[in-house]
Amino acid sequence: YLLRSNAHTERRDYQKAIADAAKAIDLDPKNAKGFLLRANARAREGNDPGEKAFDAIKRDVDKALDLDPQEPIALMLRGQWYLLDHWHKDDPKLLDKALADLEAGVKLDPTHWQGRLWRGIAYGLNDQAEKAFADFDAALRERPNEPQIYERRADLHRQLGNDDAAEEDEAKAMKLRRNSI
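Let me begin by describing the structure that accompanies this report. (Residues numbered from 1 in each chain as written. Predicted model: local features only at pLDDT ≥ 70, side-chain atom pairs only at ≥ 80, totals over all residues. Heavy atoms only, no water.)

### Examining unusual backbone geometry
Right, on to step 1. For aspartate 90, which is not glycine, the phi dihedral falls at a positive 50°.
Right, on to step 2. Structurally, aspartate 90 is set in the loop between α5 (72–89) and α6 (92–108).
Right, on to step 3. Look at aspartate 90 and you get exposed, because its relative accessible area is 61%.
Right, on to step 4. A positive phi angle, close to 60°, is found at aspartate 127, a residue other than glycine.
Right, on to step 5. Here aspartate 127 shows up in the loop between α7 (113–125) and α8 (129–142).
Right, on to step 6. Since its relative accessible area comes to 73%, aspartate 127 is described here as exposed. (Helix = DSSP H or I, 4+ residues; strand = E, 2+ residues; numbered from the N terminus. Buried < 20%, exposed > 50% of the residue type's maximum accessible area, 1.4 Å probe, protein only.)

### Digging into helix α3 (residues 32–44)
Right, on to step 1. An ideal rise of 1.5 Å per residue puts 18 Å on 13 residues; α3 measures up with 18 Å between its terminal C-alpha atoms.
Right, on to step 2. Ala32, Gly34, Phe35, Leu36, Leu37, Arg38, Ala39, Ala41 and Ala43 are the residues of α3 that are buried.
Right, on to step 3. Two or three places before lysine 33, at the opening of α3, asparagine 31 has a side-chain oxygen 2.9 Å from that residue's backbone nitrogen. (Expected span 1.5 Å × (residues − 1). Polar contact = N/O pair within 3.5 Å; in protein donor to acceptor, adjacent residues only side chain to side chain.)

### Thoughts on the side chain of arginine 153
Right, on to step 1. Among the structural elements, arginine 153 can be located in helix α9 (residues 147–159).
Right, on to step 2. We classify arginine 153 as buried; its relative accessible area is 12%.
Right, on to step 3. Among residues more than four places away in sequence, those in contact with arginine 153 are Phe133, Phe136, Asp137, Leu140, Asp169 and Lys172. (Contact = heavy atoms within 4.5 Å.)

### Overview of the pattern of salt bridges
Right, on to step 1. The final tally for this structure, using the stated rule, is 20 salt bridges.
Right, on to step 2. As a salt-bridge pair, glutamate 71 and lysine 33 come within 2.8 Å of each other at their nearest N and O atoms. Taken as a pair, glutamate 71 in the loop between α4 (50–67) and α5 and lysine 33 in helix α3 lie far apart in primary sequence, 38 residues in all.
Right, on to step 3. We classify lysine 33 as partly exposed; its relative accessible area is 41%.
Right, on to step 4. With a shortest N-O distance of 3.9 Å, arginine 78 and aspartate 62 are connected by a salt bridge. Remark: aspartate 62 occurs in helix α4 and arginine 78 occurs in helix α5; sequence separation between them is 16 residues.
Right, on to step 5. Relative accessible area serves as the criterion here: at 24%, arginine 78 is assigned to the partly exposed category.
Right, on to step 6. The class for aspartate 62 is partly exposed, based on a relative accessible area of 23%. (Salt bridge = Lys/Arg side-chain N within 4 Å of Asp/Glu carboxyl O.)

Structure representation (structure tokens):
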């Protein structure tokens, strides 16, 4: 059920992914992966999942971390949610929590490109551009054809007034997006 849940999520069949993760949880309620897979499928189900779905995602991530406090993806996912919450509320405490979780998660799994991407975004928001660029570059080493990384790096370049570098990254991202259609 865990493998199938993950496969359904990758195929964007989120309802089936959630159902399989729930079945995995029923069979082994002490396995953090089931809660994590269900949270991931719920999170990816929509751009703005709403308060009720957000609470369910948060409960699943918290449960995964209760079962396995060293689960890097759960730490990164919770860090991502703190970061998104920070954007909505402009609360520096949420940015600090996001950075703490993202740093812990990336330390446990430094090759996870999404952890590097989100930590890079958090560093950029925290006026730590050098660390942000290092994370974007590390993410690109793992996923050189991921347009999202170029877009976020371009955003930071633009913030810092590096318009030529921003335009270069935006052009790379646009080309990658066109090629994926």
